[in-house]
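# Report on the structure
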Amino acid sequence: MKCPFCGETDSKVIDSRPAEDGNSIRRRRQCNGCQKRFTTYEKVETIPLIVIKKDNNREPYDRQKIESGILRSCHKRPISADQINRLVDEIETEIFNREEREISAEVIGEIVMNRLKSVDAVAYVRFASVYREFKDVNTFMDEIKKIL
């Protein structure tokens, strides 16, 4: 690790602890050259994930897209920001535990709907209505009957 102050490549770790997000390690280091201290973060490297869209285009996985879809479906519902973050974390864990390099948007949508169903029925129906592209009231009612 290069010192940000003098460029020395030799440093020692003087403190190590989990970072606030729980997904990385925070390390305090001291440069062996200038003796100044600095902080580094160590995170597990994940394999890049490609999402196959409905039109067969491929794009890099983006956590923000899942988060924004869930936020829209949970709008004005009694669901806290912490619950939403945990939900997105659980969904992301399930996606990455598949250990596949490519995943279809359809599979991701199903995972999101399954998780939302257990959190809030209204949020689930909102998400499903956009995801499944309901064309009329009958398809909307069919989905509601499934959860009743």
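Residues numbered from 1 in each chain as written. Predicted model: local features only at pLDDT ≥ 70, side-chain atom pairs only at ≥ 80, totals over all residues. Heavy atoms only, no water.

## Examining the packing of aromatic side chains
Each aromatic ring pair is summarised here by two numbers: the centre-to-centre distance and the angle between the ring planes. The cut-off we apply is this: For Phe, Tyr and Trp, rings pair up if their centres lie within 6.5 Å, where Trp contributes its six-membered ring, and each pair is then called stacked (planes under 30 degrees apart), edge-to-face (over 60) or tilted (otherwise). Put simply, DSSP H or I for four residues or longer makes a helix, DSSP E for two residues or longer makes a strand, and each gets a number counted from the N terminus. Burial classes: relative accessible area under 20% of the type maximum marks a residue as buried, over 50% as exposed, and values in between as partly exposed (1.4 Å probe, protein chains only). By definition, being over a ring means that NZ of Lys or CZ of Arg is both within 6 Å of the ring centre and within 35 degrees of the ring normal.
A full pass over the atoms with the stated rule returns two aromatic pairs. When the centroid spacing of 5.4 Å and the interplanar angle of 85° are considered together, the rings of Tyr61 and Phe96 count as edge-to-face. In this pair, Tyr61 sits in the loop between β5 (58–60) and α1 (63–73) while Phe96 sits in helix α2 (residues 81–97), placing the two residues 35 residues apart along the sequence. Exposure remark for Tyr61: the relative accessible area of 16% places this residue in the buried category. Ring geometry for Phe127 against Tyr131: centres 6.1 Å apart, planes inclined by 15°, an arrangement best described as stacked. Here Phe127 and its partner Tyr131 are both found in helix α4 (residues 121–131), four residues apart, which amounts to about one turn of the helix. Directly above the aromatic system of Tyr131 lies the positively charged group of Lys54, at a separation of 5.2 Å from the ring centroid.

## Thoughts on the nonpolar core
Cut-off, in case you're wondering: In these notes, a set of buried Ala, Val, Leu, Ile, Met, Phe, Trp, Tyr and Cys residues joined through side-chain atoms within 4.5 Å is what counts as a nonpolar core. By definition, residues are in contact when any of their heavy atoms lie within 4.5 Å.
Counting residues in hydrophobic clusters, the biggest one holds 26 residues, and the most contacted among them are Ile66, Ile70, Ile91, Ile95, Val112 and Leu116. Those elements that provide at least two residues to this core are α1, α2, α3 (105–119) and α4. Apart from the residues within four sequence positions on either side, Ile95 is in contact with Leu49, Tyr61, Ile66, Ile103, Ile108 and Ile111.

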